[in-house]
Amino acid sequence: MARLSDYLASGIHPLSGDEMGPAGASSDGALPGRVRLAAAHVACAYCGYRNTLEHWNARRPPRCANPERAPHDLELGG
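The sections below set out a description of the structure shown in this document. All values reported here derive from a predicted model rather than from experimental measurement. (Residues numbered from 1 in each chain as written. Predicted model: local features only at pLDDT ≥ 70, side-chain atom pairs only at ≥ 80, totals over all residues. Heavy atoms only, no water.)

Next up on the list: the pattern of salt bridges. Taken as a whole, this structure holds 1 salt bridge when the rule is applied. Residues Arg63 and Asp73 are paired through a salt bridge, measuring 3.1 Å at the closest nitrogen-oxygen approach. Taken together, the residues span a long stretch of sequence, with Arg63 in the segment after strand S2 (50-53) and Asp73 in the segment after S2 at a distance of 10 residues. Residue class for Asp73 comes out partly exposed when judged on its relative accessible area of 36%. (Salt bridge = Lys/Arg side-chain N within 4 Å of Asp/Glu carboxyl O. Helix = DSSP H or I, 4+ residues; strand = E, 2+ residues; numbered from the N terminus. Buried < 20%, exposed > 50% of the residue type's maximum accessible area, 1.4 Å probe, protein only.)

Written out as C-alpha cells, the structure reads:
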C-alpha cells in the first residue's frame, strides 16, 4: 500500500483528461445524454385501469390504455 501511495504522490503517473467520460470534463455538472422525467402511474376514474403517463396536457387528455374497455379519454378523479 505504501508503494502505491508513494507512486500517486510522486506526480509521475499520467492524469486522465476527462473524468466524466468522453463527453465532458471533470468540471461538468451533468451526465451526458437526454434527461427524462419519471413516468406517472395513474388510475382512470372512469374504469380504474392503471395508466403510465410520460406527459399531461389537460386540454388534450390521452386515451385510457385499458384494452378491455371501449376507447375513452383518460379521466382523473379529484
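With that settled, the discussion passes to the pairing of S2. Residues Asn51 and Leu53 of S2 are buried on one face, while the alternating residues Arg50 and Thr52, pointing to the opposite face, are not. Direction of pairing for strand S1 (residues 40-43) relative to S2: antiparallel, over a ladder of 4 bridges. Bridged to Ala43 within S2 is Arg50. Hairpin connection from S1 to S2: 6 residues lie between these consecutive antiparallel strands, with Gly48 at a positive phi of about 85°. (Pairing = 2+ DSSP bridges.)

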